[in-house]
Amino acid sequence: MDVKKIGEFISKNRKLKGLTQEQLGEKLGVSNKTISRWENGNYMPDLSLLKPLSEELGISLNELLSGEKIEEENIAKNAEISLINTIDYTKGKIENEHKKISIVVMSIGIILSLIAFNLFESESSWGSIYSILGLIIFILGIFRFLKGKDLWKRIIISISLFVGIFGVFLISDYIGVVEFKRPPIYRYKTETSNIITYYNLLFNVYRINANTKNEYYIVDTKKEYNSDTVPTVPFNRERCGIDNIIKYQNKYMGNNSNIGNLISNLPLAENGYVIELDPDNLKLTINYSRTFWYDNEELYTEKSLIYNSVSIFGLIENVRYIKYNFSGSSYEVSRENIEKNYPNYSKIVQNGEVNKKEFNENLEKKMNDNNFIESISKIIFEK
């Protein structure tokens, strides 16, 4: 069907009738812009308007669809051609409209998923709900778009796309958890007690010391922990844990940069500090910008001093004494006193090297035992 030819034919016969585009439009119940589009060959008239249009122009329906005057002897032949062209045009128009609708549906799905990722906080379950809903809508749009292909092929393609895209969602979620330290968006259950546990299909996430300055996450990809066995300390374990601070192990305290980095990663550093080195007496002094009792819920300061002392003596080989200064109070500890009185110190430090497993077993876990903290503090520290 030659739409351009038909448009020129409509324009020619309209003018022969002495009608403007606006006048013809009024007779047919459409705007003059619609008439203009027909005549420019941009659109074909709607099927319901073909007969009224031909009557207004004084031409036959066959001539309208052919885009030219037809001699009487060619009427039958042209009628068949016009019918076939009309069927093909209508079919193509329906297919185009179908694809447009499918693209709109896909776009809605994409927009909904993007909104879900950006509008809702990761703590909210609505993000996962709306992103999956958006994905389903997108896949329905794909399924519609593939109309005409074998049904099973459409189903296989749609399912494969769903699985693939959802897999990308899960991987992106995992990267977000690890890199940005946030709860997973996709989780099927959340448990809240002393710690918050998020259950994901592929991994579990433990949020410890939630909403405090010492909040940290453990991403359990092997699902080897539960809420009772996951490592918990009152400090930020990602910063203070042995896996991070062991890189500062050194024979000498005189390496100012190294020991400064070590202390900056240990508890209490978050409030500010200044260090002083006395290489002659192998003494380290740490001046903290806080009082001893400040923010000392659950013996936090005592736990920090014990943890820091064992860590520093274990990692910096030639330090003999440590003095901790607070506003209005001071505490001192010696290597000899730690080696003699801290339980299993010889297991923590073996042949001058810190044993990670023993460190976690005999120091990190002890930070949850208030009775132990109270008793050992009285033994190892001198005021």
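It should be noted that the structure appears before, not after, this text.
Residues numbered from 1 in each chain as written. Predicted model: local features only at pLDDT ≥ 70, side-chain atom pairs only at ≥ 80, totals over all residues. Heavy atoms only, no water.

### Remarks on the packing of helix α1 (residues 3–16) against helix α3 (residues 32–39)
Counted only if it meets this: Only C-alpha atoms enter the line fits that serve as axes; for helices the fit covers just the stretch in contact. Angles between N-to-C directions range over 0 to 180 degrees. Here a strand is any run of E in DSSP of at least two residues, a helix any run of H or I of at least four, and the numbering for each starts at the N terminus. Just so you know how the angles are binned, under 35 degrees is roughly parallel, over 145 roughly antiparallel, 65 to 115 roughly perpendicular, and the rest oblique. Contacts between residues were defined by any pair of non-hydrogen atoms, one from each residue, lying within 4.5 Å. Ten residues, namely Ala, Val, Leu, Ile, Met, Phe, Trp, Tyr, Cys and Pro, are considered nonpolar, four, namely Asp, Glu, Lys and Arg, are considered charged, and the remaining ones, Gly among them, are considered polar.
Viewed as axis vectors pointing N to C, α1 and α3 meet at an angle of 125 degrees, and their least axial separation amounts to 7 Å. Here α1 lies oblique to α3, going by the angle between them. On the side of α1, the interface is formed by Gly7, Glu8, Ile10, Ser11 and Arg14, while α3 contributes Ile35, Trp38 and Glu39. Tallied by class, residues from the contact of α1 with α3 come to three nonpolar, two polar and three charged.

### Quick word on the nonpolar core
Soluble, globular proteins show a tendency: their nonpolar side chains are buried together. Selection criterion: Put simply, a nonpolar core is a bunch of buried Ala, Val, Leu, Ile, Met, Phe, Trp, Tyr and Cys residues held in one set by side-chain atoms that sit within 4.5 Å of each other. Only protein chains enter the accessibility calculation, which uses a 1.4 Å probe; a residue whose area is less than 20% of its type maximum is buried, one above 50% is exposed, and one in between is partly exposed.
Ranked by size, the top nonpolar core spans 52 residues in total, and within it Ile306, Ile312, Tyr324, Tyr342 and Leu363 carry the most contacts. The element best represented in this core is helix α12 (residues 300–315), accounting for eight residues. Dropping the residues within four chain positions of it, leucine 363 is found in contact with Ile306, Tyr307, Val310, Ser311, Tyr342, Ile348 and Glu358. The next biggest cluster of nonpolar side chains, apart from the first, holds 17 residues, and it includes Ile10, Leu53, Leu57 and Ile59.

### Topic: the environment of serine 11
Residue position: serine 11 is located in helix α1. As for serine 11 and asparagine 40, which are separated by 29 residues in sequence, their C-alpha atoms are 8.7 Å apart.

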